Amino acid sequence: MKSLDLTRPGGLVAVVTSRYTMDGSTPRAEDARMEMARKGDLVGAIRLPTGAHRRTAAPTW
């Protein structure tokens, strides 16, 4: 949310987030979506396919 707070009126913010932010049904995810909606207007969204970052991702072992 800090990026939205620091953006001037009319400015744009690009965010890469997990599916849990947008699809989550927990109170925390719902609060995050409501806060984002309160602070800015969604211009567009793209859902990347599963594994889109797999080739460049760091190992998670």
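I will try to describe carefully the structure that is included in this document. (Residues numbered from 1 in each chain as written. Predicted model: local features only at pLDDT ≥ 70, side-chain atom pairs only at ≥ 80, totals over all residues. Heavy atoms only, no water.)

1. What to know about the pattern of salt bridges
Short version of the rule: By definition, a salt bridge exists where a carboxyl oxygen of Asp or Glu is found within 4 Å of a side-chain nitrogen of Lys or Arg. To qualify as a helix, a DSSP run of H or I must reach at least 4 residues; to qualify as a strand, a run of E must reach at least 2; elements of each kind are numbered from the N terminus. Think of it in three bands: residues with accessible area under 20% of the maximum for their type are buried, residues over 50% are exposed, and the middle band is partly exposed, with areas taken using a 1.4 Å probe on protein chains only.
Across all of its chains, the model carries 4 salt bridges by this definition. With a shortest N-O distance of 3.3 Å, Glu35 and Lys39 are connected by a salt bridge. Linking Glu35 with Lys39, this pair stays in helix 3 (residues 27-39), spanning 4 residues, or about one helical turn. Assessed through its relative accessible area of 26%, Lys39 is described here as partly exposed. Where salt bridges share partners, they join Asp5, Glu35, Arg38 and Lys39 into one cluster.

2. Here's the deal with the environment of His53
Within the secondary structure, His53 is located in the segment after helix 3. It is 28 Å that separates the C-alpha atoms of His53 and Asp5, two residues lying 48 residues apart in sequence.

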